[in-house]
Amino acid sequence: MGTTDDGSGRSRTATSGQVSGAPEAVGAAGADGAAGADGAQAVPVASEAAGAGGTAADGTAADGTAAAGSGSGAGQPRARINHMPNAGTPQAEAISAGRREMLSDARRNQIKSLAERGVKRPRIGADAVCEALLRQGVELFFGYPGGVVLPLYDVLGDYPELRHILVRHEQGGAHAAEGYARATGKVGVCLGTSGPGATNLVTGIGDAMLDSVPIVAITGNVVGSLLGKDAFQEIDITGITLPCTKHNYLVRDANDIPRVFAEAFHIARTGRPGPVHIDLTKDALMGACSAQTPETVDLPGFKPNFDGHPRQIKLAAQEIARAQRPLILAGHGVLIAEATEELREFAEKAQIPVAHTLLGVSAMDETNPLSVGFMGMHGWKHVNKTIQSADLLIALGMRFDDRVTGHVPTFAPYARIIHVDIDPAEIGKNVAVEIPIVGDVKRVLEALIPLVQRVEPETRAAYFAEIAGWREESEKMPWHGSGAWRDGQLSADYVVSHIAEATNHDATMVADVGQNQMWTARYGGFRRPNSHVSSGGLGTMGYGLPAAMGAAVGRPDKETWAIVGDGGLQMTVQELMTLVQEHIPLRIALLNNHKLGMVRQWQELVYAGNYHSSHLLGPDWLKLAEAYGVAGFRASTPEEVDSAIAAARAVDGPALIEFIIAQEQNVFPMMPAGKGLSDLLEEQFEEPNR
Ligand SMILES: Cc1ncc(C[n+]2csc(CCOP(=O)(O)OP(=O)(O)O)c2C)c(N)n1
Ligand SMILES: [Mg+2]
């Protein structure tokens, strides 16, 4: 790996960064060969990067931290570098201090003992769970009771400062924990009983794994002596969650609970966030507990690297100085690292346009002239064209998902790549990169910004003009923005953009999966960090409503909208009742095309119009909303959209608007599976094959 071939046939040479030789689609600025002269200088840079990148493939740190010994030494043995990244530096000190803080801050003293609560009974494992949650700063969690977790529910009343939200299905609880975590940056918590309660959580756990969302999922299990005996509601849930969690625990002894919870929260939120699952046997919950939370978490095998290697950062700055057509690809890591300000500063200083992934939506204010928009399968054509003609991609906290790259050998054929990611396993996984930097995006940008040269906007005027031209072209769809698709039917983009406008682009929009999700990402006009939430990696239909519920509970100061399809809403609609019971003022925009729209779109475009099972019946949504006690509204023409939005916003409590949208509107452009970013399908202005 490194400079020549990523194994998939995608060739990278030291001079591949030059733009000359770009296809016609690249346009004038790309074809002028401007960067060609510098190509030769790139040789030494490339070979150094190869050393660092190469070791990543060997399974050691990819940023050069440990690479020096094996990558560049050409047979020279070197002393092994301390495996503790950045040991002895002020940053490492700060991390340790943060860890201590987490476990022993003022909260510790605020947590009342049972005696202080006036409760006269021995402290049991279930108390240790409640104390641990409070100690970790948990204010609420989403749960559903059952036999083996009843010991916990039995003591919950003694901890009134812990809010329990009774969901209607454990999957809803897991997604709500995700939505809460995404909107707040805190760890979300969900709980289910053994057996079906536990397996119902798995989709949410897997979703959190793929999207790097910090949640702690708690399950009960049968008493230890019955484990493995196929007891009632027994299932090997830790076996099931092993491949879709960052870490999991089976706890059989009450005295392990304080340590396990301290570790679990630490693992969930530290480094690349993710789900941690704790399975507690019923006797662990009921057993007497004398153990207290440990002073520190000691996990020798878990030491994420936060600071990028200075040499790699310097090389990155040199690459940036040479680039003529650089492009930043901003991913979820920018939001997780709270690096949105640094991203803006970096982009503005070096005058580099910023494209974002699906999970990177809202990493940059879309009104910033440097923000070019959403990339990938349903991204904007001008963004994908910019990727395909770039001579340098600076990938920040994103993982080159196949929905972004398409057919890898054709992805960004002229670009050298700088890849910043906190997870070394992501580097070189999907595409070969020239400059790998393992670290927290914020820390890396803080180090990189002083090293990059300030570029005046005029220097890149031709480049930006070209992108702007492409943008204009891609916004030319006749229905775009008008609200009226064919025959005046209401178009989904109009609904999404009007919700965004009505809420002054400050609401959190939580999408479900399908066309509704792509329309939200494309037309939501996001300005505030973390104002967009969506299931990216797993693409979980049914995510929207419960995740939005979690986001709304976590950020009561922000208006929250769920943007969902009629298929997805039917998967988790029962959470409407939770909204009512908990008086959560969520607004739900149902984009009702009476279809599994995204499936129908594929059937139209890829399966010659063979529409099997993509038409689905739904209930009378207004009656359903009424039955749940949710205020319901309906809009079916562009003229009715704004008043319906205003009416829903005026409701004190949850509200649902059914937008009857065109049944056959597709999300364009679209990169067909197996194709590349240069092979986008666009709207064919013909009646689809019925
Ligand atoms: C749990 C689950 N099952 C199936 C799919 C496959 N799938 C992706 S989009 C889609 C259609 C979604 O229909 P709807 O919710 O109405 O949204 P629309 O595309 O119409 O906006 C389906 C079935 C999925 N992503 N998740
Ligand atoms: Mg639909």
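Residues numbered from 1 in each chain as written. Chains lettered and ligands numbered in written order. Predicted model: local features only at pLDDT ≥ 70, side-chain atom pairs only at ≥ 80, totals over all residues.

A. Highlighting the overall build of the protein chain. Looking only at helices and strands, the protein chain has 28 helices and 18 strands in total. A fraction of 75% describes how many contacts in the protein chain between residues 6 or more apart in sequence connect residues 24 or more apart. (Helix = DSSP H or I, 4+ residues; strand = E, 2+ residues; numbered from the N terminus. Contact = placed C-beta atoms within 7 Å.)

B. How the structure looks around the site of ligand 1. Near ligand 1 there are 20 residues, and of these Gly-514, Met-541, Gly-565, Gly-567 and Gly-597 occur at the shortest range. At the level of secondary structure, the elements contributing two or more residues to the shell around ligand 1 comprise helix 22 (515-523), helix 24 (566-572) and helix 26 (597-605). Of the residues contributing to the shell around ligand 1, the split by class is six nonpolar, 11 polar and three charged. (Near = placed C-beta within 6 Å. Nonpolar A, V, L, I, M, F, W, Y, C, P; charged D, E, K, R; others polar.)

C. Local environment of the packing of helix 9 (residues 170-184) against helix 10 (residues 196-210). Running from N to C, helix 9 and helix 10 cross one another at 30°; their axes reach a closest spacing of 7 Å. If you check the angle between helix 9 and helix 10, you find them roughly parallel. Relative to helix 10, helix 9 is oriented so that their crossing is right-handed. Between helix 9, through Glu-170, Gln-171, Gly-173, Ala-174, His-175, Ala-177 and Glu-178, and helix 10, the contact on the second element is made entirely by Gly-197, Asn-200, Leu-201, Thr-203, Gly-204, Ile-205, Asp-207 and Ala-208. Grouping the amino acids of the contact of helix 9 with helix 10 by side-chain chemistry returns five nonpolar, seven polar and three charged. (Axes fitted to C-alpha atoms, helices over the stretch in contact; angles between N-to-C directions. Parallel < 35°, antiparallel > 145°, perpendicular 65-115°, else oblique. Left-handed = near helix turned anticlockwise from the far one by under 90°.)

D. Focus on the sheet that holds strand 11 (residues 416-421). Strands sit in the order 9-8-7-10-11-12 across an open sheet of six strands; the sheet is parallel. Only two strands of the sheet have a single partner each, and these edge strands are strand 9 (371-374) and strand 12 (435-438). The sheet shows a mean angle of 15° between the axes of neighbouring strands, taken without regard to direction. As defined by bridge partners, strand 10 (residues 392-396) adjoins strand 11 across five bridges and the pair is classed as parallel. For Leu-396, the partnering residue across the bridge sits in strand 11 and is Val-420. (Pairing = 2+ DSSP bridges.)

E. Just the pairing of strand 2 (residues 163-166), in detail. Pairing of strand 1 (residues 140-143) with strand 2, which is carried by four bridges, proceeds in the parallel orientation. Within strand 2, the residue paired with Phe-141 across the bridge is His-164. Since strand 1 and strand 2 lie parallel, the crossover through helix 8 (residues 150-156) that links them has a hand, and here it is right-handed. (Right-handed = clockwise from strand over helix to strand, strands pointing away.)

F. Layout of the sheet that holds strand 3 (residues 188-192). One open sheet holds the six strands; their spatial order is 2-1-3-4-6-5, and the pairing between them is parallel. The two strands at the open ends of the sheet, each matched to only one other strand, are strand 2 and strand 5 (247-251). Each adjacent strand pair in this sheet contributes to an overall mean axis angle of 20°, direction not counted. As paired strands, strand 3 and strand 4 (residues 215-221) are joined by five bridges and run parallel to one another. Paired with Gly-192 across the bridge in strand 4 is Thr-219. Here helix 9 sits on the sheet in contact with strand 1, strand 3 and strand 4, set at roughly 170° to strand 3. With respect to the sheet, helix 12 (residues 257-269) is in contact with strand 4, strand 5 and strand 6 (275-281), its orientation differing from that of strand 6 by roughly 165°.

G. Seen up close, unusual backbone geometry. Here Phe-668 and Pro-669 are connected by a cis peptide whose omega angle stands at -5°. Within the secondary structure layout, Pro-669 lies in the segment after strand 18 (655-660). One non-glycine residue, His-505, lies in positive phi territory at about 55°. As for its position among the elements, His-505 is in the loop between helix 21 (492-502) and strand 13 (508-511). The backbone phi angle of Ala-608 is positive, close to 50°, even though this residue is not glycine. Following the sequence through the fold, Ala-608 ends up in the loop between helix 26 and helix 27 (621-628). Its 8 C-beta neighbours within 10 Å are what place Ala-608 among the exposed residues. (Buried ≥ 20, exposed ≤ 12 C-beta atoms within 10 Å, placed from the backbone.)

H. Seen up close, helix 26. The set of residues buried in helix 26 consists of Gly-597, Met-598, Arg-600, Gln-601 and Gln-603. As for helix 26, its buried residues are in contact with helix 22 and strand 15 (560-565).

I. Focus on the pairing of strand 12. Side chains Ile-435 and Ile-437 project from strand 12 onto one buried face, and the interleaved Pro-436 and Val-438 project onto a second face that is buried too. When strand 11 meets strand 12, the two strands line up parallel, connected through four bridges. Paired with Val-420 across the bridge in strand 12 is Ile-437.

J. Spotlight on the environment of Gly-544. Mapped onto the elements of the fold, Gly-544 is located in helix 23 (residues 544-554). What Gly-544 contacts, discounting residues up to four positions off in sequence, is Val-510, Ala-511, Asp-512, Ala-562, Ile-563, Val-564 and Gly-568.

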